[in-house]
Amino acid sequence: MANIMEPIKVKNVEFKNRIVMAPMVRFGWPSLNGIMGQKLVNHYKEAADKEIALIITQALSVSEERNGRGRPGVFLDAHIDYLKEIHEECIKNDTRLFAQLSYPTSGYGSNDYIDVNKLPKEKLIDIRDLFIRAAERCEKAGLEGIELHGAHKFFLNMITSHISNKREDRYGGDLNGRIALVKEIVESIKSYVKDDFIVSYRMGWNENLDADINTAKAIESIGIDMLHSSSGITDRKDIKVPEDFPYNEIVYVGTQLKKNLSIPVIVVNNIRTLNRGNYLVEENLCDFVAYGKPFLADVNFVKKSLRNSNYEACFKCNECKWFIDGDKCPSQVKLNRSK
Ligand SMILES: Cc1cc2nc3c(=O)[nH]c(=O)nc-3n(C[C@H](O)[C@H](O)[C@H](O)COP(=O)(O)O)c2cc1C
């Protein structure tokens, strides 16, 4: 029986345990022209020696055009260096680094919303190529892989879901049509990267288990190496979690996808403690466990959990302060005071 601290290999890449730092935008921490600000770079570097097997960066924009609000990106060659700087710190500690690549959109009803049905085919091809070029830069920076952001109503979530994609051209229609763009991205990336480079996909589940299992299988069949299961177009869902399942529906769906796939699966959302994560690995309900807010609250979350596996770092504020300014996170404030 595996446990959460046990190493695992994906392709030829060794991960020292099953713990993942989930992708999280550190709002309010500035970047300039898509280059991550030094405070943010240092924040990632600080996580490199904290017993985390895999750090996934926050969503990095593949597009200059869609990169608002001083966010970091990976749309220029000038962005390779900050990724390299973080990665060098990771290598020293046997920590793996993936960049999460996204074409930023904010879902129905927001000012940022893009209707995937209104984009001309040429625009989709441009977006496809932006993802491909961004992945190329990540490989140049030395990263072990990338994660395509196909969850949370981001662009790839919207183009792959039948709820949002009503296109009648080669990028719409049945499941094969809806994942065609992702397939082209993956195939092109794989045609030039070294064999060990990992292409992960963060999939947002959208409606019912059968449909989502089919989508995940299709995603696996196009060459994705790892699947990270999260929420998707959440206003339409029909998922019943068994009463005795001690995690939420997002984790539940991830565990069901794991049962139906051969590639490694990451589950996430409100797992909170090392103990709860360990149970999921021990029961073979997933291969990796991602934590988000626990790491924002305390970068030493794993180290402290190794002494007390029920350690909860996050104070569970009604609205996470990291959506505005991480410096205001009460856990951070407390930790800084006691330094
Ligand atoms: C401040 C903040 C920013 C986030 N940014 C991203 C992001 O850039 N990309 C992404 O896929 N998910 C993002 N998420 C979602 C997290 O990756 C994770 O799925 C979520 O926080 C649930 O896990 P947790 O309960 O362990 O925090 C963000 C979450 C938070 C709190």
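Residues numbered from 1 in each chain as written. Predicted model: local features only at pLDDT ≥ 70, side-chain atom pairs only at ≥ 80, totals over all residues. Heavy atoms only, no water.

Participant: Could you clarify how one ought to interpret the overall build of the chain in this entry?
Facilitator: The number of helices and strands found in the chain is 12 helices and 12 strands. Expected size for 339 residues packed as a compact globule is a radius of gyration near 20 Å; at 19 Å, the chain falls within 12% of this value. In terms of overall dimensions, the chain has a C-alpha envelope of 60 × 50 × 40 Å along the principal axes. Here the contacts in the chain between residues at least 6 apart in sequence split such that 72% fall between residues at least 24 apart. For the chain, the exposed surface amounts to about 14,400 Å²; the carbon and sulfur share of it is 46%. Side chains of the chain carry 48 positive and 47 negative charges; the gap between the two charge centres is 4 Å. (Helix = DSSP H or I, 4+ residues; strand = E, 2+ residues; numbered from the N terminus. Rg over C-alpha atoms; globule rule 2.2 N^0.38 Å. Contact = heavy atoms within 4.5 Å. Areas by Shrake-Rupley, 256 points an atom, 1.4 Å probe, with all protein chains shown as cover. Lys, Arg positive; Asp, Glu negative; His and termini not counted. Charge placed at Lys NZ, Arg CZ, Asp CG, Glu CD.)

Participant: I would appreciate a short explanation of the site of the ligand in the present structure.
Facilitator: Near the ligand, the surroundings consist of 19 residues, among which P23, R202, N270, G292 and K293 are the closest. Interatomic distance of 3.0 Å between a backbone N/O atom of V25 and a nitrogen atom of the ligand. A distance of 2.7 Å is found between an oxygen atom of the ligand and a backbone nitrogen or oxygen belonging to N270. Of the residues in the shell around the ligand, the class split is 11 nonpolar, six polar and two charged. (Near = heavy atom within 4 Å. Polar contact = N/O pair within 3.5 Å; in protein donor to acceptor, adjacent residues only side chain to side chain. Nonpolar A, V, L, I, M, F, W, Y, C, P; charged D, E, K, R; others polar.)

Participant: Help me out: how do you make sense of the environment of I324 in this one?
Facilitator: Mapped onto the elements of the fold, I324 is located in the loop between helix 11 (301-305) and helix 12 (330-337). A C-alpha to C-alpha distance of 8.3 Å links I324 and R26, two positions 298 residues apart in sequence. When near neighbours in sequence (up to four residues on either side) are disregarded, I324 contacts F27 and G28.

Participant: Where do I start with the environment of L60 in this structure?
Facilitator: For L60, the position within the fold is in strand 6 (residues 54-61). Take L60: its relative accessible area is 0%, and that puts it in the buried class. Sequence separation of L60 and N165 is 105 residues, and the distance between their C-alpha atoms is 23 Å. Setting aside its immediate chain neighbours within four residues, L60 contacts M36, P72, G73, V74, Y82, L83, A99, Q100, L101 and S102. (Buried < 20%, exposed > 50% of the residue type's maximum accessible area, 1.4 Å probe, protein only.)

Participant: Honestly, helix 1 (residues 38-47) in this entry has me stumped. Any pointers?
Facilitator: Three or four residues apart is the spacing at which side chains of an α-helix point the same way, because the helix has 3.6 residues per turn. Those residues of helix 1 that sit buried are L40, V41, H43, Y44 and A47. The arc enclosing the buried residues of helix 1, seen along the axis, measures out at 155°, which places them on a common side. On the buried face of helix 1, the contacting elements are strand 3 (19-21), strand 4 (31-32), strand 5 (35-36), strand 6 and helix 2 (80-92). (Arc of directions from axis to C-beta.)

Participant: Before we go on, may I ask you to explain helix 8 (residues 249-260) in this structure?
Facilitator: Helix length check: helix 8 (12 residues) gives 17 Å between terminal C-alpha atoms against 16 Å at 1.5 Å per residue, within 8%. Counted residue by residue, helix 8 has nine buried out of 12 residues, so it is predominantly covered. Those residues of helix 8 that sit buried are I250, V251, Y252, V253, G254, T255, Q256, L257 and K258. (Expected span 1.5 Å × (residues − 1).)

Participant: Honestly, the packing of aromatic side chains in this entry has me stumped. Any pointers?
Facilitator: The geometry of an aromatic ring pair is captured by the separation of the ring centres together with the interplanar angle, meaning the angle of the planes. The final tally for this structure, using the stated rule, is 12 aromatic pairs. Arranged with centres 5.2 Å apart and planes meeting at 70°, the rings of F245 and Y252 form a pair that is edge-to-face. Y252 matches F245 in its accessibility class, with the two residues each being buried. The structure contains a cluster of three or more aromatic residues connected by ring pairs, namely F245, Y247, Y252 and Y279. (Phe/Tyr/Trp six-rings, centres within 6.5 Å; stacked < 30°, edge-to-face > 60°.)

Participant: Any chance you could explain the nonpolar core here in plain terms?
Facilitator: Generally speaking, nonpolar side chains in soluble globular proteins are found buried as a group. Ranked by size, the top nonpolar core spans 99 residues in total, and within it L101, F131, L148, F155, L156 and L227 carry the most contacts. With seven residues, helix 3 (residues 121-140) is the largest single contributor of residues to this core. Residues within four places of F155 in sequence aside, it is in contact with Y103, T105, V116, L119, L124, I127, F131 and L181. If you look at the next biggest cluster of nonpolar residues, it comprises 16 residues, including I8, V13, F15 and F98. (Core = buried A, V, L, I, M, F, W, Y, C linked by side-chain atoms within 4.5 Å.)

Participant: Teacher, can you tell me more about the pattern of salt bridges here?
Facilitator: Close approach of charged atoms allows side chains with opposite charge to pair. Inspection of every chain in the model, using the stated rule, returns 21 salt bridges. D225 is the partner of K11 in a salt bridge, and the nearest nitrogen-oxygen pair spans 3.4 Å. Taken as a pair, K11 in the loop between strand 1 (8-10) and strand 2 (13-15) and D225 in the loop between helix 7 (209-221) and strand 10 (226-231) lie far apart in primary sequence, 214 residues in all. Under the relative-accessibility criterion, D225 is labelled buried at 10%. Note that E184 is salt-bridged to R170, the shortest N-O span being 3.4 Å. Of this pair, E184 sits in helix 6 (residues 180-192) while R170 sits in the loop between helix 4 (155-160) and helix 5 (175-178), and the two are 14 residues apart along the sequence. Classification of R170 as partly exposed rests on a relative accessible area of 42%. Via salt bridges that share partners, R128, D129, R170 and E184 belong to a single interconnected network. (Salt bridge = Lys/Arg side-chain N within 4 Å of Asp/Glu carboxyl O.)

Participant: Hey, could you run me through the pairing of strand 10 in this one?
Facilitator: Every regular strand shows the same layout, with side chains that alternate between the two sheet faces. Counted residue by residue, strand 10 has six buried out of six residues, so it is predominantly covered. Tracing the backbone out of strand 9 (residues 198-205), into helix 7 and back to the parallel element strand 10 gives a crossover that is right-handed. Bridge analysis of strand 10 against strand 11 (residues 265-268) gives two bridges, and the strand direction is parallel. Within the sheet, the bridge partner assigned to H228 lies in strand 11 and is I266. (Right-handed = clockwise from strand over helix to strand, strands pointing away. Pairing = 2+ DSSP bridges.)

Participant: I'm lost on the side chain of S61 in this one. Help?
Facilitator: One can find S61 in strand 6. A polar side-chain atom of S61 sits 2.8 Å from the main-chain carbonyl oxygen of S63. When sequence neighbours within four positions are dropped, the list of residues in contact with S61 reads R66, N67, P72, G73, V74, F75, S102 and P104.

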